[in-house]
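# Observations on the model geometry
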Amino acid sequence: MSGLRYVYAVCRPFGTPLSAQLTGVAGVPPKQLTHHGLVAVVGHVPEEDFAEGPLRAHLEDLDWLSATARAHQNVIDALTVVTSPLPLRLATVFLDDSGVRTMMEQREEAFLRTLDRLDGRVEWGVKVYAESPESPEPSEPSGSPEASGGTESSGNPDSRPAPSPVKPVSGRDYLRQRRGQRRAHEEKWEQAEEFSRKLHETLSGYAEETRIHAPQNAALSQAPGRNVLNAAYLVPRSESEAFVELVDRTKDDSSGLRVELTGPWAAYSFSGEDS
């Protein structure tokens, strides 16, 4: 088959075949390309989309990029069921099989070391979000338009509703209420950070390696709340059930916090590859 070679991952030889219905990028089923003690999982992709120029343009197209990333991840997920793959960066492309084998030859020792470290292990992701504490807005200080009983209305004075009584608030009381709100917010974040620190210490006991990622940008992730912990854990498959149960038990340990668990994934955060 003509076209470029798209490389999903490198792994050790594995005996369990991938599903015959599995398709990857460009709708093409992946195949195995063996070189010494390594297997590259590759697919054929068209030059009109994946040659250097067109690919650069496509990477600016969010719809195309999202569809390609989903197809890429489908193959990685299928591999994770049958082996411990070393996933490569999205859109890793070579001219032909010879180019893929040359890459494997040049990086063979590093690949083998990493695969030994990842063998029998998966990545779990844990995020903690803190919701903003809700508190009533302090009353406006006396003398402000909001505290003066409202705006005037025209018409018969007898037909106007009587203004609701407003308890005057001094400027000092107003500032005190504002300071109290700030303290409540600060205490909430401190509690969330302490909860996250203890949770991370506990989960690290089940993991062979951990990574703390930068907090997610709320505007990009659209996840409600403030991301306090964004961590990845490299966990032996044999410990994964206990790890998941532990996370589940913590979800109700603190009000106003949300704990999210994702995985199991291929070990992107521990591969040494840009993903």
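Here goes a summary of the coordinates provided.

Conventions we followed
Residues numbered from 1 in each chain as written. Predicted model: local features only at pLDDT ≥ 70, side-chain atom pairs only at ≥ 80, totals over all residues. Heavy atoms only, no water. Buried < 20%, exposed > 50% of the residue type's maximum accessible area, 1.4 Å probe, protein only. Helix = DSSP H or I, 4+ residues; strand = E, 2+ residues; numbered from the N terminus. Pairing = 2+ DSSP bridges. Phe/Tyr/Trp six-rings, centres within 6.5 Å; stacked < 30°, edge-to-face > 60°. 1 Å grid on protein atoms, 1.4 Å probe; cavity = no way out; pocket = protein on both sides within 12 Å on 5 of 7 lines; lining within 4 Å. Points joined across faces, edges and corners; volume = space filled by probe spheres on them. Nonpolar A, V, L, I, M, F, W, Y, C, P; charged D, E, K, R; others polar.

Next up on the list: the pairing of strand S6 (residues 121-130). Extensive coverage of S6 is indicated by the burial of nine of its 10 residues. Bridge count between S6 and strand S8 (residues 226-236): 10 bridges; the pairing is antiparallel. Note on S8: the bridge partner recorded for valine 122 is valine 235.

The next subject is the packing of aromatic side chains. Evaluation of the coordinates by the stated rule reveals five aromatic pairs. Ring centres of phenylalanine 50 and tryptophan 64 lie 5.4 Å apart, and the angle between their planes is 50 degrees; on these two criteria the pair is classed as tilted. Taken as a pair, phenylalanine 50 in helix H1 (residues 47-50) and tryptophan 64 in helix H3 (residues 62-82) lie far apart in primary sequence, 14 residues in all. When the centroid spacing of 5.4 Å and the interplanar angle of 55 degrees are considered together, the rings of tyrosine 233 and phenylalanine 243 count as tilted. You can see tyrosine 233 sitting in strand S8 and its partner phenylalanine 243 sitting in helix H8 (residues 237-250), a full 10 residues away along the chain. Each member of the pair, tyrosine 233 together with phenylalanine 243, is buried. Here a set of aromatic residues connected by ring pairs shows up, and it is made of Tyr6, Tyr8, Phe50 and Trp64.

Take empty space enclosed by the protein next. The tally for this structure, following the rule as stated, stands at one cavity of 30 Å³ or more. Residue lining of the largest cavity: Thr80, Thr83, Ser84, Pro85, Leu118, Arg121, Arg237, Trp265, Ala266 and Ala267, and that is the complete set.

This next bit is on the layout of surface pockets. Of the voids in this model, the largest pocket is the one considered here, and its volume is about 400 Å³. Around the largest pocket, the lining is made up of 19 residues, and of these Gln73, Glu123, Trp265, Tyr268 and Ser269 lie nearest the centre. If you list the elements that add at least two residues to the lining of the largest pocket, you get H3, S6, S8 and strand S9 (257-265). Taken together, the residues of the lining of the largest pocket break down into seven nonpolar, nine polar and three charged.

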